[in-house]
Structure formats: structure tokens, C-alpha cells
Amino acid sequence: MTIRVNMDRFDHGAISRHVDRICESDAFQASPKLCQVLRYLVEKTLSGEGTSLGQYAVADDVLGLGGQAASSRGAAARMQIGRLRKQLEAFYGSVGRDESIRIEIPKRNYRLRFRPAAGGLEETPRARERTILGVIQLADLGIGNDHAWLPQTLTSELLMAFGAFSEIAITGPMKTMPAAGVDRGIDFFLTGGVRAQGSTAQLSLQLVSSQTGLQLWTRVVSFELTGDQTLPTGSWELLARIADELADETGVLACEEMRQTASKPAAELSVRETRLASWRFVLTGMPEDLTRARESAAAVVEAVPDCPTAMICLAMMELAAYLGDPRPSVRCPIVPLELLERAHSISPGDPWVSVHRGFALWMAKEPVGLEAICHGLDGRPASGSFCGMLGSLMAVSGIDLERGEALLLEALARAPQPLYWYCHHAALCGFLRGDLDAMQRALDRIAVRVDPFSLVLRMVLASERGNRREACGLATMILEVMPEFAGCGEVMLRRLLHDDHVDRIAAAVRPLGLGWFEAQPATA
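Predicted, not measured: the structure shown is a model, and the values here were computed from it.

Enquirer: Any chance you could explain the overall build of the chain here in plain terms?
Expert: Looking only at helices and strands, one finds 22 helices and eight strands in the chain. Taken over 524 residues, the chain has a buried fraction of 53%. Once local pairs closer than 6 in sequence are excluded, the contacts in the chain between residues at least 24 apart make up 64%. When the accessible surface of the chain is totalled, it reaches about 22700 Å², and 51% of it is carbon and sulfur.

Here is the structure:
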């Protein structure tokens, strides 16, 4: 458990000097914005104003985002606080290991906690890997036409509330609960519904194990409704408390199989566990999950050289590493294409092998036969996930943008968990067609992700709509997530997208004067 220490046990001057040493460290010197956030939180906490410290206070007072939409402000603040937590942890684990004070940032309310370095915190038995929570769209349990907006709005607000917890990766909203959640890397599902009568609404939530299907936690809360289609004042705090409580529950209840898998060396994972590790990276996007999935897939391919599933996992993890590498000189590795050609020779009729082979051909800039692959796969009875993969391939390669968008929309309607790149590519299709509303709808599905591609698409949308201030604010967020983007963003986008698509993005962003997309098209 955590032993909370009153800050009065520490001299305020000692705390200030401690903060100065933190901000003078190399890691914090390279991130001046994090120093500003830390000093702001310390100042407010020591002055007794910490009870009002939340994400919007940080966004407005430190990040200067007071004029932007609430969702953008909240996401920016949560991103900075998450980075600050990680930097503090790294500081105390290295150059700051001998410091006598430890600073902790609680969840939701950012009033700091100060504790002594020795004996102030007992190790918790919670699993250290990220818990993956699948959120099911809230059901209508009886709300009437006047409140038909309520389930979707509450679902979106819950997703935003969970965005504050770095230990939880969120996927959703899903229309239904998939039967094979564990196979997709999901630990738990959050499901429930809402009913309304008069001016009162009742929200019921349940946490369900993806492994056993058993209900592990339940909560029912009531709140008053306003006359318009907005949630009342105080509802965000209510949902935040629910998210806070559930974050602790999921940390304690992380399913046994995932814990055992996470504790095993990557080289010892089975084919099924390797597939699960790959799905975990797909859902979280975390570099450490990518590294683990690559290591386990490589070990399985070496041990079972004729396994197409392992070959697909390794090939796609290698391509994901290439896409995320900011160095312009890096070329697409030949290993993924060789692996998928081998898999194709072993199982030539496997559509999953074929569609992944198509991606490898496109990214290696060897699209010979790619059109035949795409049209040969189109029309096959397939899952929503397969439709999404094929639609993405058609869209990014420019083979058939119209058909690709149709497949992506089908995937988003059918798949129990629409993966974020389907939403990316559906948004790209809307942009290329000039349908900004369709672009907005696709981006709304990934509102809780803060990755460079999502932010670039949002920046393009804001620029196309003439909202320069919001677009420039998103540009700042992009550089916070990936500082190298200003110099290598165009090269990274051209690795995956058709050159014409990147040129369209460059034209949309050019009025902002960022100078990011001025380079000539790069070769792979």
C-alpha cells in the first residue's frame, strides 16, 4: 500500500531545491515543458491550491490551450502528466536515486504527494504490464427519444476518463463483446447500460473477465440530467471517480494467463502466446510491447520454421518497427517480404498470408502483383478485421481508394474492436474525397489515442476547416509525442502512404507555415 506523507514534514525550501535538481538533470533539460508542468504542480500544491488541480488547469495555465476544444486540452494535459510520471520514475531510478524526497502524481487530481525516499512506499503486488480493457458501447435500457444521445455520450466520456491512466490501454468502443477476447490480448471488458426517467439517469457498469466470462465488479450510479443534450456539471468528476476505482480493480484482477505470459522470457513463448503478444502491441502501440513481440516471434520462427502464423507475426512486427523509426536513412527490411513469401509458398490459399504479403510488397516499394492480390481477395467471405486489413491496403497504396474506404467502413461496422489504423485510413479516405465530416467521424473513433499519425490527421482536419489556432496546437502536441517529426515526418508518412496522398496532406498543412513537408519524395 502507499503511505501518504503530509507535505508539512518537508521544508518548502528543501522541496524547491529538490525540484531544481530534477529540472537540472539531462533528461529534464531536454524537456523544458515538463519542467514547467512540474514547477506549476509544486507551486500550486505548496500554496494549498492543489485540490483544484486537474487536467484542464494544466492545459490552460501551463500549456496555453485555453481556447481549444475540451477534448484536445484534456488529451494534451494527460499526455504531459503521463510523460512527467515516467520521467520522474526514470530520474529516481538513476541520477536521483540518492535524493531524500520522492514526488508522486496521483491519478485524476494532480495535487502532488511528497514522501521520504526510504520506507515510504511498499511494493504493490499488482502486475506491471499494461492491462488492456475493452469498452463495450453502453446499451439503451430505456431512455426515450429525448435522451437518445446519452449512451454514446457517456461511452465517449468514459473513454476519455480512462485516458488518464498510463497502466491501462483502452480499446473501443465495441458494439458487442467478442467471444475470443483473450486471443486478441484483451484482459477485461467494461459493459453496461443507461436508463433515464424524467430528469434522472441511472448508469450501470460491469467488469467482465475475458478469460472466464465472469462478472468481477459492478457499480450503479445516478445523476441528474440537464434540459439540453449535454452532461450536467459534475458528471465528469463522477466518471473520473469510476475510472479511478476501476483502474485499481483491473490492476489487481489482471488475468492469470496474461501475468504468466508476461513473466515468461520472450524466447519461451508458444505460437499462441506470440500471437497474443503481437495483438498486445497492436492494441497498446507501446515500444516495449513491440520489442517483446519481435523477440518472441523470432524465437518461434526459428523453432517452428514452417509456421505461417509465426511468420506473419514476425513480419508485421518488423514492418511496424520500420514505420516507427524516425531515421530517414533507414530502409524497409527485406526480412518481412522473405518471410511472407515463404508463408505464401507453404499456404498459398491463406487470405491472411496474402493480405500481409501485399502490405510487405507495398512497403518495400515492390508493388508488382499487388493489384491482383487486392482484387483476388476482394469479395471473399471474411471477418470485419480482414475487411479492414484489405481496405487499408487498398487505401494506402492507391490501388482502389473507393473500394478501400467501403471495406474500412464495413470493418468499422462489423469488427468487435475496430483497430486504430482502420480509423486512420478511413479518415484519410474521407480527406482525399473532400468529405471532412466523414474524416471527423473516423477520427472520433480514436479519440483516446495520442500518436503522431492521429494528431497529423486532426491537424489536417483543423487546417482544412480554417481553425489555425487548433491546428498549431496539435502541431505542438505532435512534437511533444515525437520531437523528431519536424525533420522526418514526411519520410515516415511516405513509407506507408502513396506519394500523392502525402502531397495532399502537405498542401493542407502548408498554410500553417510549419515547414514540415517541404522535402522531395523519399525513396524507400
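Enquirer: Whenever I open this one, the nonpolar core confuses me. Can you help?
Expert: General note: in soluble globular proteins, nonpolar side chains tend to be found buried as a group. In terms of nonpolar packing, the biggest core is built from 126 residues, with L38 and L41 touching the most fellow members. When near neighbours in sequence (up to four residues on either side) are disregarded, L41 contacts L53, V58, I81, L84, I105, Y110 and L112.

Enquirer: In this structure, what is going on with helix α22 (residues 499-509)? I would like to understand it.
Expert: Along an α-helix, residues three or four apart share an orientation, since each turn contains 3.6 residues. Listed in full, the buried residues belonging to α22 are H501, V502, I505, A506, A508 and V509. All buried residues of α22 lie within an arc of 160 degrees about the axis, which places them on one face of the element.

Enquirer: Would you take a moment to explain the pattern of salt bridges for this structure?
Expert: Two side chains that carry opposite charge are able to pair once their charged atoms sit near each other. Under the counting rule described, the total for this entry stands at 12 salt bridges. As a salt-bridge pair, R403 and D378 come within 2.9 Å of each other at their nearest N and O atoms. Of the two residues, R403 is situated in helix α16 (residues 401-414) and D378 in the loop between α14 (370-377) and α15 (384-397); the sequence distance between them amounts to 25 residues. Classification of R403 by relative accessible area gives partly exposed; the value is 29%. Accessibility expressed as a relative area gives 23% for D378, which makes it partly exposed. With a shortest N-O distance of 2.6 Å, R433 and E405 are connected by a salt bridge.

Enquirer: In this structure, what is going on with the packing of aromatic side chains? I would like to understand it.
Expert: The geometry of an aromatic ring pair is captured by two quantities: the separation of the ring centres and the angle between the planes. Per the counting criterion, the structure on display carries two aromatic pairs. Judged by centre distance (5.4 Å) and plane angle (70 degrees), the rings of F91 and Y92 are edge-to-face. Take F91 and Y92: they sit in the same class, and that class is buried. For the pair F485 and W516, a centre-to-centre distance of 5.5 Å together with 70 degrees between the ring planes defines the contact as edge-to-face. Taken together, the positions of F485 in helix α21 (residues 485-496) and W516 in the segment after α22 put the pair 31 residues apart, joining distant regions of the chain. Summarising the burial analysis for this pair, F485 and W516 share the class buried. Residue placement shows K365 over the ring face of W362; its charged tip is 4.2 Å from the ring centre.

Enquirer: Please explain helix α10 (residues 287-303) as it appears in this structure.
Expert: In this model α10 runs 25 Å from its N-terminal to its C-terminal C-alpha over 17 residues, within 8% of the 24 Å that 1.5 Å per residue would give. Restricting attention to buried positions, one finds in α10 the residues D289, L290, A293, S296, A297, A299, V300 and V301.

Enquirer: Can you walk me through the packing of helix α18 (residues 436-444) against helix α19 (residues 452-464) in this structure?
Expert: Any two packed helices are characterised by how steeply their axes cross, that is the angle between the axes, and by the distance between the axes. The geometry of α18 relative to α19 is characterised by a closest axis approach of 11 Å and an angle of 150 degrees between their N-to-C directions. Comparing their axes, α19 and α18 come out roughly antiparallel. Considering how the two elements wind past one another, α18 and α19 form a crossing that is left-handed. In this structure, α18 uses L436, M439, Q440, L443 and D444 to contact α19, whose residues at the interface are S454, L457, R458, V460, L461 and E464. Along the lines of polarity and charge, the residues of the contact of α18 with α19 split into six nonpolar, two polar and three charged.

Enquirer: Any chance you could explain the side chain of H18 here in plain terms?
Expert: Note on placement: H18 falls in helix α1 (residues 12-24). When its relative accessible area of 1% is taken as the criterion, H18 is described as buried. Discounting chain neighbours no more than four positions away, the residues touching H18 are F91, Y92, E99, I101 and I103.

Enquirer: So what exactly am I meant to see when it comes to the confidence of the model for the chain here?
Expert: Fine structural detail should not be taken from predicted coordinates in areas where pLDDT scores are low. Confidence along the chain averages 78 in pLDDT terms, with 77% of residues attaining 70 or more. The least confident element of the chain, judged by mean pLDDT, is helix α8 (residues 256-263) at 54; the most confident is α22 at 92. Taken as a whole, residues 1-9 scores under 50 in pLDDT and shows 15 contacts with residues more than four places along the chain or in a different chain. Of the regions scoring below 50 in pLDDT, residues 520-524 engages in 11 contacts with residues more than four places distant in sequence or in other chains.

Enquirer: Would you take a moment to explain the side chain of E490 for this structure?
Expert: Relative to the elements of secondary structure, E490 occurs in helix α21. On the basis of relative accessibility, which here comes to 3%, the residue E490 falls in the buried class. Here R494 takes part through its side chain, which lies 2.7 Å from a polar atom of the side chain of E490.

Enquirer: Explanation requested: the environment of W516 in the structure shown.
Expert: Relative accessible area serves as the criterion here: at 9%, W516 is assigned to the buried category. Taking the C-alpha atoms as reference points, W516 and A486, separated by 30 residues in sequence, lie 5.2 Å from one another. Residue contacts for W516: discarding those within four places in its chain leaves M459, A475, I478, L479, F485, A486 and E490.

Enquirer: Teacher, can you tell me more about the pairing of strand β6 (residues 188-197) here?
Expert: The two faces of the sheet receive side chains in turn, since in a regular strand these alternate between them. Burial within β6 is extensive, with eight of its 10 residues counted as buried. As judged from the three bridges shared by strand β3 (residues 131-136) and β6, these two strands associate in the parallel manner. Within β6, the position partnered with L133 by the bridge is F188. Both strand β4 (residues 139-140) and β6 contribute to a ladder of two bridges, which runs parallel. Within β6, the residue paired with D140 across the bridge is V194. Where β6 lies against strand β7 (residues 200-209), 10 bridges are found, and the strand directions are antiparallel. Opposite R195, over in β7, you have Q202 as the bridge partner. Counted along the chain from β6 to the antiparallel partner β7, the turn is two residues long, and its residue G198 has a positive phi close to 65 degrees.

Enquirer: Would you mind showing me how to read the packing of helix α12 (residues 335-346) against helix α13 (residues 351-363) here?
Expert: Close contact between α12 and α13 brings their axes to 9 Å; oriented N to C, the two are set at 155 degrees. Our classification of the angle between α12 and α13 gives roughly antiparallel. You can see that α12 and α13 cross each other, and the crossing is left-handed. For the pair formed by α12 and α13, the contact residues are P336, L337, L340, E341, A343 and H344 on the first element and V353, S354, H356, R357, A360 and L361 on the second. The residue inventory of the contact of α12 with α13, partitioned by class, reads seven nonpolar, three polar and two charged.

Enquirer: Explanation requested: the environment of R113 in the structure shown.
Expert: Along the chain, R113 turns up in strand β2 (residues 113-116). Through-space distance from the C-alpha of R113 to that of V42 is 9.5 Å; in sequence the pair is 71 residues apart.

The rules behind the values
Residues numbered from 1 in each chain as written. Predicted model: local features only at pLDDT ≥ 70, side-chain atom pairs only at ≥ 80, totals over all residues. Heavy atoms only, no water. Helix = DSSP H or I, 4+ residues; strand = E, 2+ residues; numbered from the N terminus. Buried < 20%, exposed > 50% of the residue type's maximum accessible area, 1.4 Å probe, protein only. Contact = heavy atoms within 4.5 Å. Areas by Shrake-Rupley, 256 points an atom, 1.4 Å probe, with all protein chains shown as cover. Core = buried A, V, L, I, M, F, W, Y, C linked by side-chain atoms within 4.5 Å. Arc of directions from axis to C-beta. Salt bridge = Lys/Arg side-chain N within 4 Å of Asp/Glu carboxyl O. Phe/Tyr/Trp six-rings, centres within 6.5 Å; stacked < 30°, edge-to-face > 60°. Lys NZ or Arg CZ within 6 Å of the ring centre and 35° of its normal. Expected span 1.5 Å × (residues − 1). Axes fitted to C-alpha atoms, helices over the stretch in contact; angles between N-to-C directions. Parallel < 35°, antiparallel > 145°, perpendicular 65-115°, else oblique. Left-handed = near helix turned anticlockwise from the far one by under 90°. Nonpolar A, V, L, I, M, F, W, Y, C, P; charged D, E, K, R; others polar. pLDDT = per-residue confidence, 0-100. Polar contact = N/O pair within 3.5 Å; in protein donor to acceptor, adjacent residues only side chain to side chain. Pairing = 2+ DSSP bridges.

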